[in-house]
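Coordinates in review
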Amino acid sequence: MEEVISFNRGVPATSSLHPDEVSDAAAAVLEEDGKNVLQYGDSRGYPPLRQEVADKYGGDSRAEVLVGNGSLQILDSLAHVYLSPGDAVLVEKPSYDRSIKIFDRVGVNVFGVEMEKDGVNLGKFADMVDRVDPKLFYTVPDFHNPTGITTSGKKRKRVAEMARDAGMTIIEDSPYRRLRYSGEDEPTYRSIAPDCVVQMSSVSKLISPGIRVGWIIAREELIDEVARFSEDTYITPSLLSQGVVSHLMRTGWVEENVKRLVDLYKPRLDATLSSLGELFSQADWVEARGGFFVGLWLPEGTDVEKFYGQAKNEGLTLSSPKGFYPDYDGERFVRLPFPALKPEEIEAGVSRLASIWENV
Ligand SMILES: Cc1ncc(COP(=O)(O)O)c(C=O)c1O
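Residues numbered from 1 in each chain as written. Predicted model: local features only at pLDDT ≥ 70, side-chain atom pairs only at ≥ 80, totals over all residues.

1. Some thoughts on the pairing of strand 11 (residues 293-297)
In the case of a regular strand, side chains alternate between the two sheet surfaces. Most of strand 11 sits inside the fold, with four of its five residues counted as buried. Here strand 10 (residues 284-285) pairs with strand 11 via two bridges, running antiparallel. Bridge pairing links tryptophan 285 to leucine 296 in strand 11. Sheet topology places strand 11 next to strand 13 (residues 333-337); five bridges connect them, and they run antiparallel. Following the sheet pairing, phenylalanine 293 is matched in strand 13 by proline 337. (Buried ≥ 20, exposed ≤ 12 C-beta atoms within 10 Å, placed from the backbone. Helix = DSSP H or I, 4+ residues; strand = E, 2+ residues; numbered from the N terminus. Pairing = 2+ DSSP bridges.)

Right under this line is the structure:
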């Protein structure tokens, strides 16, 4: 059998990880503040890092920032304190599978709103708001996981207005925002409507996912509630990891690394898009301009079950589309994460994908 090509996990390239620099940063933190980072501390996270995040990512003060063990664990805590069984939550359709799982686990009703190439369909969003009275809208507005779509500024403004009128909270999950390979940034939801937005991000895609450092920026009362819940769950997050991240942010290393990541990943996105252009002219895909993913919709009439079964037999690992849809109905969707593959592997992978599709 040919070598397996993995299009199933959205992970950074191994070559983008820097153990030596992380080791130097850890040594510096232990020397400067070792007694604090080795002790229990504030469940909101390491104070210097909370300040760095507030300054860099738009919190008014560090009181609006909680840093935890990756952003997903904070989402889990937030879901526990903010939601009750039976509440309605809106997500994009498709959406990030693990977030859908977190919402399912707290017993809320999750409703998907169809995506267009510039964000959710506004008419469907408005209908859904009227129909189910949601408490929350969870969105990945920048280089969306799993489609690669970026929500336009115009749509963000309209969605924020509707959310405010309906008394809803928006969770803006933006771990890919800094990884833009072309074009201009759109305004964040938080800059448009700070009163009703919780912004969530992490260094998983900028430094390392294994270091487990992510954060939310939100109004202070919500931060305090999440902090109380977190304290009863894990007492204190990993302060040594947070000290390392704080050091890497403060010294400017993260900004330099973002530039390196853009240089590494841009040719990989270009290879994905040009291979799709060459081999999938009958299909529909997203012209992503950053992040980790390109979403592909196979042509109408494709037998999805057969396609995925055949891909597995032919050494192409793909994520099942089922997890991305709160109410999966056989959608012909394929997520293509590109950062961990070299351009030639991407070309070979898309070509294998095309020949499987032609034969099902
Ligand atoms: C949209 C989105 N949110 C959250 C996460 C998880 O991030 P973290 O590693 O900070 O928990 C991911 C990881 O793939 C993601 O794509």
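Next comes the rest of the write-up.
2. Re the sheet that holds strand 13
Spatial ordering of the open sheet is given by 10-11-13, a layout of three strands whose pairing is antiparallel. One side of each edge strand has no neighbouring strand; the edge strands of this open sheet are strand 10 and strand 13.

3. Remarks on the domain arrangement of the protein
Here the protein is partitioned into domain 1 (5-16 + 255-359) and domain 2 (19-251). For domain 1 and domain 2, the distance between their C-alpha centroids amounts to 25 Å. Domain 1 puts 26 residues into the contact, and the matching count from domain 2 is 28 residues. Counting residues per element, the ones that place at least two in the side of domain 1 that touches domain 2 are helix 10 (253-279), strand 11 and strand 13. Top contributing element to the side of domain 1 that touches domain 2 by residue count: helix 10, with seven residues. Within the side of domain 1 that touches domain 2, the residues separate by chemical class into 16 nonpolar, six polar and four charged. (Domains from an automatic or database assignment. Contact = placed C-beta atoms within 7 Å. Nonpolar A, V, L, I, M, F, W, Y, C, P; charged D, E, K, R; others polar.)

4. Considering the sheet that holds strand 9 (residues 214-217)
In a beta sheet, neighbouring strands pair by backbone hydrogen bonds and run either parallel or antiparallel. The mixed open sheet is built from eight strands, whose spatial order is 2-9-8-7-6-3-4-5. A strand with exactly one partner marks an edge of an open sheet, and here the two such strands are strand 2 (65-68) and strand 5 (119-120). Of the strand pairs in this sheet, strand 6 (residues 136-139) and strand 7 (residues 169-173) are connected by four bridges, and their pairing is parallel. Bridge pairing in strand 7 places phenylalanine 137 opposite isoleucine 170.

5. Focus: the site of the ligand
The full set close to the ligand counts 13 residues, and Gly70, Leu72, Ser202, Ser204 and Gly214 are the nearest of them. Split by residue class, the shell around the ligand holds five nonpolar, seven polar and one charged. (Near = placed C-beta within 6 Å.)

6. Re unusual backbone geometry
It is generally the case that most residues other than glycine have a negative phi and that most peptide bonds are trans. Of note, the amide linkage connecting lysine 93 to proline 94 takes the cis form, showing an omega dihedral of 5°. Within the secondary structure layout, proline 94 lies in the loop between strand 3 (88-93) and helix 4 (97-105). Of note, the phi angle at phenylalanine 143 is positive, near 50°, even though the residue is not glycine. Along the polypeptide, phenylalanine 143 turns up in the loop between strand 6 and helix 6 (153-166). Exposure remark for phenylalanine 143: the 27 C-beta atoms within 10 Å place this residue in the buried category. Even without being glycine, isoleucine 235 reaches a positive phi, approximately 65°. In this fold, isoleucine 235 is placed in the loop between helix 8 (220-234) and helix 9 (239-250). Look at isoleucine 235 and you get exposed, because 10 C-beta atoms sit within 10 Å.

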